[in-house]
Amino acid sequence: MEDLERLWREALDAIALAKTPQELAALRANTLGKKGSIGSLLRTLGEHPPEKRRVLGEKINSARDAVSVALEQAETTLTRLATEQKLRQRNIDLTLDGR
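Residues numbered from 1 in each chain as written. Predicted model: local features only at pLDDT ≥ 70, side-chain atom pairs only at ≥ 80, totals over all residues. Heavy atoms only, no water.

1. Some details on the side chain of T31
Alright, step 1. Take T31: it is sitting in helix α2 (residues 21–32).
Alright, step 2. Of note is the side chain of T31, whose polar atom sits 2.8 Å from the backbone oxygen of L27.
Alright, step 3. If we skip the residues at most four places from it in the chain, T31 touches A11, G36, S37, I38, G39 and V67. (Helix = DSSP H or I, 4+ residues; strand = E, 2+ residues; numbered from the N terminus. Polar contact = N/O pair within 3.5 Å; in protein donor to acceptor, adjacent residues only side chain to side chain. Contact = heavy atoms within 4.5 Å.)

2. A word on the confidence of the model for the protein chain
Alright, step 1. Averaged over every residue, the pLDDT of the protein chain is 89; residues scoring 70 or more account for 98%.
Alright, step 2. For the protein chain, helix α3 (residues 37–43) is the element with the lowest average pLDDT, namely 87, and α2 is the one with the highest, namely 92. (pLDDT = per-residue confidence, 0-100.)

3. Notes on the pattern of salt bridges
Alright, step 1. Tallied over the entire structure, the rule returns eight salt bridges.
Alright, step 2. The salt bridge involving D3 is made with R6; its shortest N-O contact spans 3.8 Å. Placement of both D3 and R6 in helix α1 (residues 2–17) is noted, with a separation of three residues, approximately one turn of the helix.
Alright, step 3. Across the pair D65 and R64 runs a salt bridge whose closest N-O atoms are separated by 3.8 Å.
Alright, step 4. Each member of the salt-bridge network shares a partner with another, and the members are D3, R6 and E10. (Salt bridge = Lys/Arg side-chain N within 4 Å of Asp/Glu carboxyl O.)

4. Here we look at the environment of H48
Alright, step 1. Relative to the helices and strands, H48 resides in the loop between α3 and α4 (50–89).
Alright, step 2. By relative accessible area, which is 29% here, H48 ends up partly exposed.
Alright, step 3. Leaving out residues up to four positions away in the same chain, H48 has contacts with R53 and L56. (Buried < 20%, exposed > 50% of the residue type's maximum accessible area, 1.4 Å probe, protein only.)

5. Brief notes about the side chain of S68
Alright, step 1. The topology assignment puts S68 in helix α4.
Alright, step 2. Aside from chain neighbours lying at most four places away, what touches S68 is R28 and L32.

6. What about the nonpolar core?
The nonpolar side chains of a soluble globular protein tend to be buried, and buried together.
Alright, step 1. The biggest cluster of nonpolar side chains holds 18 residues, and the ones touching the most others in it are I15, L24, L27, I60, V67 and L71.
Alright, step 2. Looking at this core, the elements that each hand over two or more residues are α1, α2, α3 and α4.
Alright, step 3. Here the element with the most residues in this core is α4; it accounts for eight residues.
Alright, step 4. Those residues within four positions of L27 in sequence are excluded, and the remaining contacts are A14, I15, A18, L32 and L71. (Core = buried A, V, L, I, M, F, W, Y, C linked by side-chain atoms within 4.5 Å.)

Below, the structure written as C-alpha cells:
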C-alpha cells in the first residue's frame, strides 16, 4: 500500500511540474500504461489472497482514476495556455478592412 501512495504522490507531483503536452503524454504512458507504475500494480493483484484483492483493486483503481483526472486537467490547462500565447503573439490590426 505504501508503494501505491508513493506512486500516486510522485505522479501528481510530476504532473504539476509538466510544462508541455508531450511531457504529460509520457507521464500518462509511464504511469497508467500497461507497463506503467500503476498499471503494473494491477497485474500483481493475482498474487494476493482473494479477500485482499477487492480492497487492493479498489485502491489501485481510485489512484489510477485520480491520476487520470489530474492528467486531463493539466492537458486542458496547458492547451489553453498555449492557445492564449499564440493569440497574444499574433498582431492583428483591427483598423484594416477585411481582405
